[in-house]
Amino acid sequence: MAGEMQIDTPIRAETGAEAGPRGPGCSLRHFACEQNLLSRPDGSASFLQGDTSVLAGVYGPAEVKVSKEIFNKATLEVLLRPKTGLPGVAEKSRERLIRNTCEAVVLGALHPRTSITVVLQVVSDAGSLLACCLNAACMALVDAGVPMRALFCGVTCALDSDGNLVLDPTLKQEKEARAVLTFALDSVERKLLMSTTKGLYSNAELQQCLAAAQAASQHVFHFYRESLQRRYSKS
Amino acid sequence: MAEAVAVAVESLAGVKARAARTVLGQVVLPGEELLLPEQEDAEGPGGAGERPLRLNPGVRSRVRVVCGPGLRRCGDRLLVTKCGRLRHKEPGGGGGGVYWVDSQQKRYVPVKGDHVIGIVIAKSGDIFKVDVGGSEPASLSYLAFEGATKRNRPNVQVGDLIYGQFVVANKDMEPEMVCIDSCGRANGMGVIGQDGLLFKVTLGLIRKLLAPDCEIIQEVGKLYPLEIVFGMNGRIWVKAKTIQQTLILANILEACEHMTTDQRKQIFSRLAER
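Criteria and cut-off values
Residues numbered from 1 in each chain as written. Chains lettered and ligands numbered in written order. Predicted model: local features only at pLDDT ≥ 70, side-chain atom pairs only at ≥ 80, totals over all residues. Heavy atoms only, no water. Helix = DSSP H or I, 4+ residues; strand = E, 2+ residues; numbered from the N terminus. Buried < 20%, exposed > 50% of the residue type's maximum accessible area, 1.4 Å probe, protein only. Contact = heavy atoms within 4.5 Å. Areas by Shrake-Rupley, 256 points an atom, 1.4 Å probe, with all protein chains shown as cover. pLDDT = per-residue confidence, 0-100. Pairing = 2+ DSSP bridges. Buried area = accessible area lost by both parts, 1.4 Å probe. Salt bridge = Lys/Arg side-chain N within 4 Å of Asp/Glu carboxyl O. Polar contact = N/O pair within 3.5 Å; in protein donor to acceptor, adjacent residues only side chain to side chain. Nonpolar A, V, L, I, M, F, W, Y, C, P; charged D, E, K, R; others polar. UniProt positions renumbered as here; feature names shortened; annotations may be inferred.

*Asks:* Before we move on, can you summarise the overall build of chain A with the specific residues and values?
*Replies:* A tally of helices and strands in chain A yields five helices and nine strands. Mapped from its N terminus to its C terminus, chain A presents α and β elements in the order α-β-β-β-β-α-β-α-β-β-α-β-β-α. Sorting the 235 residues of chain A into buried and exposed places 56% on the buried side. Intrachain contacts of chain A at a sequence separation of at least 6 include 67% that bridge at least 24 residues. Summed over its atoms, the accessible surface of chain A is roughly 9700 Å², and 52% of this surface lies on carbon and sulfur atoms.

See below:
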C-alpha cells in the first residue's frame, strides 16, 4: 500500500520564465494519493488536491451485460457519485467527459466483451473537482492493472477579470473567475485528450492556459511516478 | 508565448525512451518506451550522429525477444502498458529472452497453461461452468477428468472446488479447463476435497509464492503439516490438522505480501516457539 505523500509543486520555481502575467497564487496546490486502499474493487485510489478529495474504485475486466457488450473492445463505464444526494445532470456531463478521456488511453481491444467500471466518489469539493476526478480515475486504473496507452492527468486553469491565470483554483477562485478551463493531457506526447471550458476568453488566453497546463502536467506525472514507485518499493 | 512553447518541447524531450537493460527491476509506467539492446547502439545517446556506415543497413542482427504481460509491440518500438517492475528472463539458447512487467493486480485474466482453482457454478448437460475470477466462467467437460468415460461420470457438484489447467484461453473465446494432463493422468488436478479454507490474495503474491526458490513455502512447511493448493488466479486453498492452524496459515500467507524478509523470519520464529 502506498503511504501518503505530499509534495509542494511551485510552478514558478521550476519553469522560470512563463508566458503572460501571473498572479502570486499561480501554483498547484499540494497533492496526495493513496492506492489500493479498498479491498473489494480490483483497483482503487484516493486523490487529494488541496482540500478537494476524490475516492475512485475500478472493477474490471469483468463480466458485462449482454445489452452493453461490444464485440471488439471493452465497455468502459464511469459513475460519479456526488457527496450527498443523487447524481444529476452536472454529474452525468462530467461522467461523459471522464469516460471519453479514459477511452482514449485504455487499450480496450485487449479485453473484448468485458466491462471496465470506474466509480468515483466525491469526498470533498474545494475547487478543480473535474481535474481531481481525472487524476483519481487514472491512478485507480493503473492500480487495477488495466492496459493503457499512456497515463493522463487533469489540470484546471482559471482566468480572473484582470486576465491573471490561476492554476488549480480553489472554489472561491473558481467562483470569482471570468473563465474556468479544464484540460486532460496524456503523458507520452503531452497532447490534449479532453477540454471543457466555461466563461469568456480569447484565443490567445486559451493557448496560454494550455501551455500552463502542459507545464503543470509535468509535475503531476512526476508525482504519479513517485507515488507508484513508493507503492512498489515494499515488494 | 514562444517561451511557453519552448517549455513544452523541453518536457517532451524529458520522456525519452530508456534502455530496457538499465531499468530491470525498476518501476515502469504505462506509455513508457523501452529500447532493446540491439536498438541501443543505433538510437542511444550519442549514437545518432556518428554511426559507421554499414554495407547493407537493411539487415540488422535481430535478436528474438519475447514480449510478456504488460508490454506491447508497436512497429519497432516496445511500449509499456501496465505499471510494475520490469523483469527479464535470460534465454535458454540464443535470442534476447523474455521481458515482462510484474504488476500487483487483483483481477485475473485467463492464460493458456495456467493452473487455477475454480468454483463450479452450474452443471449443464456434459459441461460444467467454473468461476475462475475472470471476465466469464470457464467451461469444463465431464470427460476431462482422470478415468472418466461416458458411463463413468465424475462426481462433481455445484459449489465444489476444482483445481485444473487452461487448454483454451484467449481474448476472443470462452476459456476451457481440463483436469488431466496430456497423458490422461490427474497429476494432482481434479476436485479439491471437503473442508479446508479458500481465500484470495493478489496475483503478484501467488507468483512470488510459486517461484522455484521461494523461502516462504519452505518456512510454512516446517511450521505445521499441511495441504496447500495455489491457483494462478489468486486463490489459495489450505488445510491443516485443526481449524486454528488452518486460520493461522491463511493469515500468515495473506500478510506475507507486505512483510520484509526480516519481519517474516521474526514471526515464523515466534510461531515455532509456541
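*Asks:* Now, about the confidence of the model for chain B: what can you tell me, with residues and values included?
*Replies:* All names here are of chain B. Averaged over chain B, the pLDDT score is 85; the fraction of residues at 70 or greater is 85%. Residue range residues 1–14 is modelled with pLDDT below 50. Its contacts to residues more than four positions away, or to other chains, number 14 contacts. Segment residues 43–49 is flagged for pLDDT under 50; beyond a separation of four residues in sequence, or across chains, it makes five contacts in the model. Predicted as a complex, the structure gets a pTM of 0.86 and an ipTM equal to 0.83.

*Asks:* An account of the pairing of strand E9 (residues 115–124) of chain B is needed here, citing residue identities and associated values.
*Replies:* As a general feature of sheets, a regular strand has side chains that alternate between the two faces. Residues and elements named next belong to chain B. Pairing geometry for E9 and strand E12 (residues 161–168), over five bridges, is antiparallel. From the neighbouring strand, His115 faces E12, where its bridge partner is Gln165. In this structure, E9 lies alongside strand E10 (residues 127–131), joined through five bridges in antiparallel fashion. Each residue of the ladder has a partner; that of Ile119, found in E10, is Asp131. Between E9 and E10, which pair antiparallel in sequence order, lie two residues; one of them, Gly125, sits at a positive phi of approximately 60°.

*Asks:* Any details on the interface of chain A and chain B? Residues and values, ideally.
*Replies:* Tallying the contact residues gives 48 residues for chain A and 36 residues for chain B. The three residues of chain A that bury the most area against chain B are Arg113, Arg225 and Tyr232 of chain A, which together make up 18% of that side's buried surface. Put simply, chain A and chain B have three salt bridges between them. Across the pair Arg107 of chain B and Asp42 of chain A runs a salt bridge, and its minimum N-O distance is 2.9 Å. Taken together, chain A and chain B are joined by 14 residue pairs in polar contact (both at pLDDT 80 or more). Put simply, the parts of the chain that give the side of chain A that touches chain B at least two residues each are strand E3 (52–62), helix H3 (129–144) and helix H5 (203–232) of chain A. By residue number, the principal contributor to the side of chain A that touches chain B is H5 of chain A, which donates 10 residues. Its residues assigned to classes, the side of chain A that touches chain B comprises 23 nonpolar, 14 polar and 11 charged.

*Asks:* Please provide a residue-by-residue account of the UniProt feature "domain: K Homology" (unreviewed entry) in chain B, values included.
*Replies:* The residues that UniProt annotates with the feature "domain: K Homology" (unreviewed entry) are residues 196–243 of chain B. The span residues 196–243 of chain B is 38% helix and 31% strand, and its two end C-alpha atoms sit 8 Å from each other.

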